[in-house]
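So the chains spell out like this:
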Amino acid sequence: MARFWPIWVVYGLGWMVGMPMNLLLNAQSSGTISGLSFAQYFAQSTVRELAAFSTMMTTLCFALLAAMAVFSYLYNSRGVAFFHALPLRREDLFLTNYLSGLSFLVLPAAAVFLVTLLSELGLGALDLRGLLVWLLAQVLLSFFFFSFAAFLAMFTGHILALPAFYGILNGLAVGLLYLVNQVLSSFVYGYVNVGRLNELCLWLSPPFRLGDSLALEYEWQEVTAQGDRLTQVQFHGMGTIFIYALVGLVLTAAALYIYRRRHLEGAGDVVTVAWTKPIFRYGVGVCAALSVGQFLYQFFRYSLPKGGWPLLGFLVVWGAAGYFVAEMLIQKKFWVFRGSWKGCVALCLAFTALIAVMELDLTGFERRVPEADRVVSVSLYPGSNAPYDSGDNTIASTDPQMIEAVIALHQAMIDEQSIHESDELGSNYETRYLAGAQRIDVQTAGSSRVELTYTLIGGDVIQRSYDIHYDTKSLADPASAAGRLDAILNRPEVILKQYFPTEREELLAEGTLRLTGISLDVYNTEQNQYETYPIPVGWREELIQAIKDDIGRGDLGRRYLLEDMERLENCYYTDLQITYEWSDPEKGSDMVRITLQTTASETLDTLREAGILDDTHILKTQFMQNVIDTASYG
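Being a predicted model, the structure only gives us computed values, none of them experimental.

Parameters and conventions
- Residues numbered from 1 in each chain as written.
- Predicted model: local features only at pLDDT ≥ 70, side-chain atom pairs only at ≥ 80, totals over all residues.
- Heavy atoms only, no water.
- pLDDT = per-residue confidence, 0-100.
- Helix = DSSP H or I, 4+ residues; strand = E, 2+ residues; numbered from the N terminus.
- Phe/Tyr/Trp six-rings, centres within 6.5 Å; stacked < 30°, edge-to-face > 60°.
- Buried < 20%, exposed > 50% of the residue type's maximum accessible area, 1.4 Å probe, protein only.
- Expected span 1.5 Å × (residues − 1).
- Disulfide = S-S within 2.5 Å.
- Salt bridge = Lys/Arg side-chain N within 4 Å of Asp/Glu carboxyl O.
- Axes fitted to C-alpha atoms, helices over the stretch in contact; angles between N-to-C directions.
- Parallel < 35°, antiparallel > 145°, perpendicular 65-115°, else oblique.
- Left-handed = near helix turned anticlockwise from the far one by under 90°.
- Contact = heavy atoms within 4.5 Å.
- Nonpolar A, V, L, I, M, F, W, Y, C, P; charged D, E, K, R; others polar.

J.: Sorry, what's going on with the confidence of the model for the chain here?
T.: Should pLDDT be low for a region, the predicted coordinates there are not to be read in detail. Residue-level pLDDT values for the chain average 88, and 94% of them are 70 or greater. The spread of mean pLDDT over the elements of the chain runs between helix α23 (residues 622-633), the lowest at 59, and helix α5 (residues 128-153), the highest at 96.

Below you can see the structure in the form of structure tokens.
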């Protein structure tokens with residue numbers, strides 16, 4: 001501790017400033033925050049906030065510095081010879097240095113805890129539970145990250161290699177998963193990230209898992225005159241910290257085991273453990289190929305032929321480069337090609353096999369469509385479609401007919417893979433000129449991101465995601481993917497459930513939800529804003545029934561994949577807004593927006609009978625409004 005005092009002194013002083021000194025400065029402020037004095041708020045809230053991200057980051061960094069310091073003798077020949085010539089077993093050396101390095105973090109944290117405790121007592125703002133949460137997070141995270149750094153220190157004989165390994169391995173799983181997903185989503189038709197693999201990679205990347213888990217939950221007491229008062233702050237994520245602390249125990253035991261068998265002559269080597277050298281070579285090669293190779297491919301992709309084979313060239317070149325660089329670091333010389341070319345060839349063949357599997361679909365992934373009798377439920381996200389109201393949502397169903405319709409859509413998208421993977425059908429518009437030299441742009445082609453999720457018998461889940469391209473011709477073909485998607489979107493039962501889901505209807509029937517308002521939002525061209533007209537209370541239920549009747553006949557809620565003439569002429573520039581409120585006022589409200597359409601005769605008649613639509617309130621269609629906008633800006 002005397003030799004490496006700057007590490008624990010800086011660590012301790014940093015937390016002295018962040019905890020007790022920060023508390024004392026806050027106590028000088030008059031007034032209140034969230035119904036508490038500044039000192040009380042600091043003790044109850046800020047201390048727990050510091051136990052989350054700040055604690056994780058400081059222990060992450062200083063644990064590495066402590067490990068580099070106490071095990072630095074392993075990285076030069078004179079230090080190794082001196083310490084191992086002493087009449088001490090390797091277990092004694094390891095435990096002495098391990099406990100010394102861990103004390104660099106734990107002892108300052110204990111001192112900060114005591115000083116902060118006395119400060120809170122003196123200010124009358126003691127929150128012992130919050131301080132214990134901070135101290136426990138400090139000790140456990142220090143233990144884990146220092147154990148991880150000590151474990152990695154046993155694998156290398158170069159002091160600069162330790163921070164490199166430590167930094168890379170703390171985020172390697174998440175980084176590799178991202179790079180692999182980039183390749184697969186680009187070249188495997190329909191590929192979606194694997195959720196379970198995402199969770200595994202988060203756990204294998206501690207800073208990411210901890211950053212996602214550590215959080216605070218605030219509880220408030222409503223005080224009308226003075227606002228809300230903070231009553232309790234709960235720290236979430238301690239379970240995750242305990243799990244990593246248990247992993248730290250395993251890493252400590254593994255580090256001791258490796259140290260007992262470490263070859264002392266490996267001081268100065270980047271990798272000292274023989275069985276890890278092939279992992280290092282291939283690991284560097286794979287990382288270089290997936291990162292640099294894929295980056296350069298994306299940079300030049302518009303100048304290259306389509307498909308995965310051009311990517312193979314970048315993967316092979318940069319994979320070989322990474323492999324030989326790793327070999328140079330291991331052998332500490334530049335001329336390493338003669339004895340290591342076989343491993344490089346094996347790596348390049350692995351990349352070739354990967355691309356072949358993707359491009360030739362040797363696993364059958366791209367062609368796989370589940371059997372209807374094995375599907376329990378299906379979820380379809382059709383991408384954005386007009387009109388842009390509450391009907392633009394994910395479609396979920398357990399109906400066998402809907403499941404068969406979605407499977408037929410899925411098969412059609414697979415059959416049309418070459419069309420949907422091409423860039424020939426973009427978002428195209430056709431300019432049409434009207435009387436009086438007026439013009440309007442009508443969409444003739446477009447695309448959507450369609451996502452499918454099947455839940456199978458037994459609980460297995462299949463997910464696919466496709467970019468589907470279409471035009472007016474493909475939409476008119478009921479057997480095409482675009483035609484099938486359009487037919488699914490415009491099923492009356494689907495539209496009705498989008499606007500009036502079963503869950504909302506059940507809550508409304510139970511009295512949990514209350515219908516509190518329904519109004520018409522009419523666009524005022526002169527004022528360039530919407531004007532809202534409330535529907536009289538006596539007409540609300542009748543109007544909602546008229547809306548449901550029109551939807552059931554297919555006269556309202558028609559969805560459009562293109563901004564074509566039918567969409568522009570049928571959809572009004574006007575929405576009906578239906579508002580529900582929960583019986584529990586803390587839950588707020590629920591709102592539905594429905595764009596009116598010219599075919600909704602019963603709904604329009606009801607609005608006229610209620611006195612909402614008259615000679616003054618004239619609705620404009622999308623077509624009429626676009627003509628006005630074109631005239632105004634053109």
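Let us keep going from here.
J.: Explain the packing of aromatic side chains here, please?
T.: The geometry of an aromatic ring pair is captured by two quantities: the separation of the ring centres and the angle between the planes. Scanning all chains against the criterion turns up 26 aromatic pairs. Where Phe155 meets Trp275, the ring centres are 6.1 Å apart and the plane angle is 85 degrees; that geometry is what we call edge-to-face. In this pair, Phe155 is assigned in the loop between α5 and α6 (161-169) and Trp275 in the loop between α10 (238-260) and α11 (277-300), connecting sequence segments 120 residues apart. Classification of Trp275 as exposed rests on a relative accessible area of 56%. Site record: aromatic cluster; members linked through ring pairs are Phe144, Phe145, Phe148, Tyr166, Trp203 and Tyr244.

J.: What should I look at first to understand helix α7 (residues 172-187) in this one?
T.: Because an α-helix packs 3.6 residues into every turn, residues spaced three or four apart end up facing the same way. Over its 16 residues, α7 runs 23 Å from end to end, which matches the ideal 22 Å to within 8%, given 1.5 Å per residue. Within the span of α7, buried status applies to Ala173, Leu177, Leu179, Asn181, Val183, Leu184 and Phe187.

J.: Where do I start with the state of the cysteines in this structure?
T.: Counted according to the given criterion, the structure contains zero disulfides. Take Cys287: it sits in no disulfide, and the sulfur closest to it among the cysteines is that of Cys201, at 12 Å.

J.: What's the story with the pattern of salt bridges in this structure? I'm lost.
T.: Side chains that carry opposite charge are capable of pairing whenever their charged atoms lie near each other. For the coordinates displayed, the defined rule picks out 22 salt bridges. Put simply, Arg491 and Glu493 hold a salt bridge, and the shortest N to O gap is 3.5 Å. Judged by relative accessible area, which is 46%, Glu493 ranks as partly exposed. Glu505 is the partner of Lys548 in a salt bridge, and the nearest nitrogen-oxygen pair spans 2.9 Å. With Lys548 in helix α20 (residues 537-553) and Glu505 in helix α19 (residues 502-510), this residue pair connects regions lying 43 residues apart in the sequence. For Lys548, a relative accessible area of 22% translates into the label partly exposed. On the accessibility criterion, Glu505 (26% relative accessible area) is partly exposed. One salt-bridge network, held together by shared partners, links Asp550, Arg553, Asp555 and Glu602.

J.: Explanation requested: the packing of helix α2 (residues 38-70) against helix α4 (residues 90-123) in the structure shown.
T.: The interhelical angle for the contact between α2 and α4, taken along N-to-C directions, is 165 degrees, at an axis separation of 10 Å. By the criterion of interaxial angle, the relationship of α2 to α4 is roughly antiparallel. Classified by chirality, the crossing of α4 by α2 is right-handed. Note on element contacts: α4 touches α2 through Asn97, Ser100, Gly101, Phe104, Leu105, Glu120 and Leu123, opposite Ala39, Ala43, Val47, Phe62, Ala63, Ala66 and Val70. When grouped by side-chain class, the residues that make up the contact of α2 with α4 number ten nonpolar, three polar and one charged.

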